[in-house]
Amino acid sequence: MTSAEHSHRSFHRKRMSRQPQLQQTTAPSNPGRGRVLLGQLLKFGLIGAVQFGLDAGFYAVLVSLWGWPVSSNLASRAVAACAGFWLNSRWTFRGSGDAPGRLSRYLALWVLMTALSTGMIALFKLLSGEDRYSQAYILFKIGLEVALSLFSFLLMRAWIFRR
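The text that follows walks through the structure, step by step, so that each part is easy to find.

Rules and cut-offs
Think of each chain on its own: its residues are numbered from 1, step by step along the sequence as written. In keeping with the predicted nature of the model, local features appear solely for residues at pLDDT of at least 70, side-chain atom pairs appear and are counted solely at 80 or more, and the whole-chain, interface and lining totals rest on all residues. Hydrogen atoms and water are omitted, and side-chain values are computed over all heavy atoms in the structure. A run of H or I in DSSP becomes a helix once it reaches four residues, and a run of E becomes a strand once it reaches two; helices and strands are each numbered from the N terminus. Burial classes follow relative accessibility: with a 1.4 Å probe on protein chains only, a residue under 20% of its type's maximum area counts as buried, one over 50% as exposed, and anything between as partly exposed. Any pair of residues with heavy atoms lying within 4.5 Å of one another is described as a contacting pair. Per-residue and other accessible areas were derived by the Shrake-Rupley procedure at a 1.4 Å probe size, with only the shown protein chains allowed to occlude residues. Nonpolar cores are built from buried Ala, Val, Leu, Ile, Met, Phe, Trp, Tyr and Cys residues. Side-chain atoms within 4.5 Å join them into one set. Axis lines are fitted to C-alpha atoms, over the contacting stretch for helices. Their N-to-C directions set the angle, which ranges from 0 to 180 degrees. For a crossing to be left-handed, the near helix must be turned anticlockwise from the far one by less than a right angle; the clockwise case is right-handed. When residues are sorted by character, Ala, Val, Leu, Ile, Met, Phe, Trp, Tyr, Cys and Pro go into the nonpolar class, Asp, Glu, Lys and Arg into the charged class, and all the rest, Gly among them, into the polar class. For patch building, the residue pool is restricted to those with more than 30% relative accessible area and no salt bridge; the joining distance is 9 Å between like charges and 5 Å between nonpolar side chains (Val, Leu, Ile, Met, Phe, Trp, Tyr). Between Lys or Arg on one side and Asp or Glu on the other, a salt bridge is scored when a side-chain nitrogen of the former is within 4 Å of a carboxyl oxygen of the latter. Using a 1 Å grid laid over the protein atoms alone, points where a 1.4 Å probe fits but cannot get out form a cavity; open sets with protein on both sides within 12 Å along at least 5 of 7 lines form a pocket; any residue with an atom within 4 Å of a point counts as lining. Grid points are joined across faces, edges and corners, and a volume is the space filled by probe spheres set on the points. These descriptions rest on fixed angle ranges, namely under 35 degrees for roughly parallel, over 145 for roughly antiparallel, 65 to 115 for roughly perpendicular, and the rest for oblique. In this analysis, rings of Phe, Tyr and Trp, with Trp reduced to its six-membered ring, are considered paired at centre separations within 6.5 Å, and the interplanar angle assigns stacked below 30 degrees, edge-to-face beyond 60, and tilted for intermediate values.

### Let's talk about the overall build of the protein chain
Part 1 of the reasoning: The helix and strand tally for the protein chain stands at 5 helices and 0 strands.
Part 2 of the reasoning: Tracing the protein chain from N to C terminus, the helices and strands come up as α-α-α-α-α.
Part 3 of the reasoning: Buried residues in the protein chain amount to 28% of all 163 residues.
Part 4 of the reasoning: Here the contacts in the protein chain between residues at least 6 apart in sequence split such that 76% fall between residues at least 24 apart.
Part 5 of the reasoning: Total accessible area on the protein chain stands at roughly 10,800 Å², and carbon and sulfur atoms take up 67% of it.

Dropping the structure here:
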């Protein structure tokens, strides 16, 4: 190899080393993050079961005493929401700190979920023709609350208990 060729190759290598390298376009895998999400989902599910028991239990008692499914739903959801906020703050999302406004965001989510739940119960009442207490209300509420809980978990994780 002549000195001119050597000099040319040396120049070319230096020039190439100054060019920016292509960045990795896919995010690196983080298996720990998946475990955290799964852990939070399982804890949320357990707390949700407690909340659901409180909600359904109070609802069944109140609707059988009062005979008013909409008012009973509001009262039973309020009891369950208080327990859920306290438990999720201290167990499911405990590392998220005490962010300002968390309680107000939780209350906003509760209002949204309660409006959806109560609106669907009122619609069920209208469409079913059931005027007073029946087991149909209890069964409908069970299915409704299970569906709403999945949506609620996503919003709590992303908005209320964000890190």
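### Some words on the nonpolar core
Part 1 of the reasoning: Core analysis: the biggest nonpolar cluster contains 19 residues, and Y59, F93, Y106, M156, I160 and F161 have the highest contact counts within it.
Part 2 of the reasoning: Put simply, the parts of the chain that give this core at least two residues each are α2 (31-66), α3 (69-92), α4 (102-128) and α5 (135-160).
Part 3 of the reasoning: The leading source of residues in this core is α5, at 7 residues.
Part 4 of the reasoning: Contacts of Y106, omitting those with residues within four sequence positions, involve Q51, A81, G84, F85, M156 and I160.

### Some points on the environment of K141
Part 1 of the reasoning: Topologically, K141 is positioned in helix α5.
Part 2 of the reasoning: Distance in space between the C-alpha atoms of K141 and A56 is 7.8 Å, their sequence separation being 85 residues.

### Focus on the packing of α3 against α5
Part 1 of the reasoning: With their axes 13 Å apart at the nearest point, α3 and α5 run at an angle of 35° to one another. Taken as a pair, α3 and α5 cross one another with a handedness that is right-handed. Residue-level inspection shows P69, N73, S76, R77 and N88 of α3 in contact with α5, the latter providing Y137, K141, E145 and M156.
Part 2 of the reasoning: By residue class, the composition of the contact of α3 with α5 is 3 nonpolar, 3 polar and 3 charged.

### Regarding a nonpolar patch on the surface
Part 1 of the reasoning: Taken together, the side chains of V61, L65, W66 and W68 present a nonpolar region at the surface, about 450 Å² in accessible area.
Part 2 of the reasoning: Topologically, L65 is positioned in helix α2.

### Focus: the environment of F85
Part 1 of the reasoning: Structurally, the position occupied by F85 is in helix α3.
Part 2 of the reasoning: Those residues within four positions of F85 in sequence are excluded, and the remaining contacts are R102, L103, Y106 and F161.

### Some thoughts on the layout of surface pockets
Part 1 of the reasoning: Looking at the largest pocket, its volume works out to about 500 Å³.
Part 2 of the reasoning: Taken together, 23 residues make up the lining of the largest pocket; nearest its centre are G48, Q51, E145, S149 and S152.
Part 3 of the reasoning: Across the lining of the largest pocket, the residue classes break down as 15 nonpolar, 5 polar and 3 charged.

### So, the packing of α4 against α5
Part 1 of the reasoning: Interaxial distance between α4 and α5 falls to 10 Å at its minimum, and their mutual angle equals 155°. In terms of axis orientation, α4 runs roughly antiparallel to α5. In this structure, α4 meets α5 at a crossing whose hand is right-handed.

### Examining the packing of aromatic side chains
For any pair of aromatic rings, the description consists of the separation of the ring centres together with the inter-plane angle of the planes.
Part 1 of the reasoning: One pass over the full model with this rule turns up 7 aromatic pairs.
Part 2 of the reasoning: Geometrically, the ring pair formed by W66 and W68 is tilted, given 6.2 Å between the ring centres and 45° between the ring planes.
Part 3 of the reasoning: Using a relative accessible area of 35% as the deciding quantity, one classes W66 as partly exposed.
Part 4 of the reasoning: A network of ring pairs unites the aromatic residues F44, F85, F93, Y106, F153 and F161 as a single cluster.

### Things to note about the pattern of salt bridges
Pairing between side chains becomes possible if they bear opposite charge and their charged atoms approach one another.
Part 1 of the reasoning: Tallied over the full model, the rule gives 3 salt bridges.
Part 2 of the reasoning: The partner of E145 in a salt bridge is R77, and the shortest N-O contact between them spans 2.6 Å. In this pair, E145 sits in helix α5 while R77 sits in helix α3, placing the two residues 68 residues apart along the sequence.
Part 3 of the reasoning: Between K141 and E145 there is a salt bridge; the shortest N-O distance is 3.1 Å. Residue K141 and its partner E145 are located together in helix α5, separated by 4 residues, close to a single helical turn.
Part 4 of the reasoning: Using a relative accessible area of 9% as the deciding quantity, one classes E145 as buried.
Part 5 of the reasoning: Linked through salt bridges whose partners overlap, the residues forming this network are D55, R77, K141 and E145.

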